[in-house]
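Each chain is listed here by its residues.
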Amino acid sequence: MTGKRGFLGLIFLISMAGLLMAEDYFDGKTAFSERWYTYWGVGTSVIGYEDENYKELYERMADVADSRTSIALDLFGIYLPVRPQTIVGVIVNVAGDRFQFEDTWFQENYYLYSFSVIHYLSRFGKGFFIRADGGISAYNYQDSDGDNINGKKGGYGVLAGGGYALNLGGSSLMLNINYSYRTVEEIRMNFTGLSLGILF
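Rules of the game
Per chain, residues are indexed from 1 in the order of the written sequence. Restriction of local features to residues with pLDDT of at least 70 applies here, the model being predicted, together with a cutoff of 80 or more for giving and counting side-chain atom pairs; totals for whole chains, interfaces and linings are based on all residues. As a convention, hydrogens and water are excluded, and side-chain values are obtained from all of the structure's heavy atoms. Strands are runs of DSSP state E lasting at least two residues, helices are runs of H or I lasting at least four, and both sets are numbered from the N terminus onward. Whether a residue is buried, partly exposed or exposed follows from its accessible area with a 1.4 Å probe, protein chains only, as a fraction of its type maximum: under 20%, in between, or over 50%, in that order. The contact criterion used is simple: two residues touch if any of their non-hydrogen atoms lie within 4.5 Å. One requirement defines pairing of two strands: DSSP has to find at least two bridges between them. For Phe, Tyr and Trp, rings pair up if their centres lie within 6.5 Å, where Trp contributes its six-membered ring, and each pair is then called stacked (planes under 30 degrees apart), edge-to-face (over 60) or tilted (otherwise). Here, over-ring charges are defined by two tests on the NZ atom of lysine or the CZ atom of arginine: distance to the ring centre within 6 Å, and angle to the ring normal within 35 degrees. Only buried residues count toward a nonpolar core. Its members are Ala, Val, Leu, Ile, Met, Phe, Trp, Tyr and Cys residues joined through side-chain atoms within 4.5 Å.

A. The arrangement of the overall build of the chain in detail. Looking only at helices and strands, the chain has two helices and nine strands in total. When burial is assessed residue by residue, the chain has 42% of its 200 residues classed as buried. In the chain, 66% of the contacts between residues at least 6 apart in sequence involve partners at least 24 apart.

Below, the structure is given as C-alpha cells:
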C-alpha cells in the first residue's frame, strides 16, 4: 500500500512539472469573472481499511482477482467566489473499487457529499491551491449479476489536499492529490487520490 501511494506521489510530481512548463502559453489569455463555477475531475485512488479484518479480506481478494481497478471522481461541483482567491460550494467525491474475476465482477463505490473550499495561494485559477471538504458518506455495491445495492447506514467523511492549477484561458486545469477519511456501514477507511480536474 505504501508503494502504491509513493507511485501516486511520483506521478503527481511529474504531472505538476508538465503543467509548470505549459503555463506560460496559457497564462493571462482570459480573466476569471464568473459568478459561479463548476468542477469535475477523474483519477485513481488507493483505498485503505482501518480495521485489520477488512484490510486482510480485501488483500486476499486482490490476490485472487484477475484485476483490481480503483478510481477517484469529483462530480457536480458547484462553487461561488467569496474572496479573490477563494471559492466555496458543494461537491460529490467518489472512490470506486472494482474486482474482476474472469467473467464476473463486483464494484464498491464510496461517496462523500460535502461542503467544499478551494483556495488559490497566489492568484485565482493559477498556481498552487489547497482544498478541504467535509460531509456525509454513503456506500453502493454493484456486480455482474445485476445487483445494485445502497448501504443502509451512512457516516461522515473529510477530505484534505491540494495541487497545482494551470490557467487555460478562463478555465482552470487542476492537478490534485488528496487524502480522505470516511466511515460508512461502521467501516473506517482512508483514501489517497490523484486526479485531474477542470474548473470552469
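B. Fine view of the pairing of strand E4 (residues 104-120). Two strands pair when backbone bridges link them, and strand E3 (residues 86-101) and E4 are joined in this way by 16 bridges, in the antiparallel orientation. From the neighbouring strand, Phe-99 faces E4, where its bridge partner is Phe-106. Connecting E3 to the next strand, E4, in antiparallel fashion are two residues, including Glu-102 with a positive phi near 50°. Between the antiparallel neighbours E4 and strand E5 (residues 127-143) lie six residues, among them Gly-125 with a positive phi of about 85°.

C. Quick peek at the environment of Asn-150. Relative to the helices and strands, Asn-150 is located in strand E6 (residues 148-150). Taking the C-alpha atoms as reference points, Asn-150 and Asn-109, 41 residues apart in sequence, are found 9.4 Å from one another. For Asn-150, the residues in contact, after removing those within four places along its chain, are Tyr-139 and Asn-140.

D. Structural context of the packing of aromatic side chains. Evaluated as defined, the whole model comprises 14 aromatic pairs. Considering the side-chain rings of Phe-101 and Phe-106, the 6.2 Å spacing of their centres and the 15° angle between planes classify their relative orientation as stacked. Residue classification places Phe-101 among the partly exposed residues on the basis of a relative accessible area of 23%. You can call Phe-106 buried: its relative accessible area is 12%. Chaining the aromatic ring pairs together yields one cluster made of Tyr-49, Tyr-58, Phe-99, Phe-101, Phe-106 and Tyr-141. Taking the ring centre of Trp-105 as reference, the NZ or CZ of Arg-98 above it sits at 4.0 Å.

E. Layout of the nonpolar core. Counting 14 residues, the largest nonpolar core has Tyr-49, Tyr-58, Phe-99, Tyr-110, Met-189 and Phe-191 as the members making the most contacts within it. Residue contributions to this core peak at three residues, all from strand E9 (residues 187-199). For Phe-99, the residues in contact, after removing those within four places along its chain, are Tyr-58, Met-61, Ala-62, Ala-65, Ser-67, Arg-68, Thr-104, Trp-105 and Phe-106. Counting 12 residues, the second-largest nonpolar core is a separate cluster that includes Ile-87, Ile-91, Phe-129 and Leu-199.

F. The arrangement of unusual backbone geometry in detail. Although it is not a glycine, Phe-76 adopts a positive phi angle of roughly 55°. For Phe-76, the location among the structural elements is in strand E2 (residues 67-83). One non-glycine residue, Glu-102, lies in the positive phi region at around 50°. Topologically, Glu-102 is positioned in the loop between E3 and E4.

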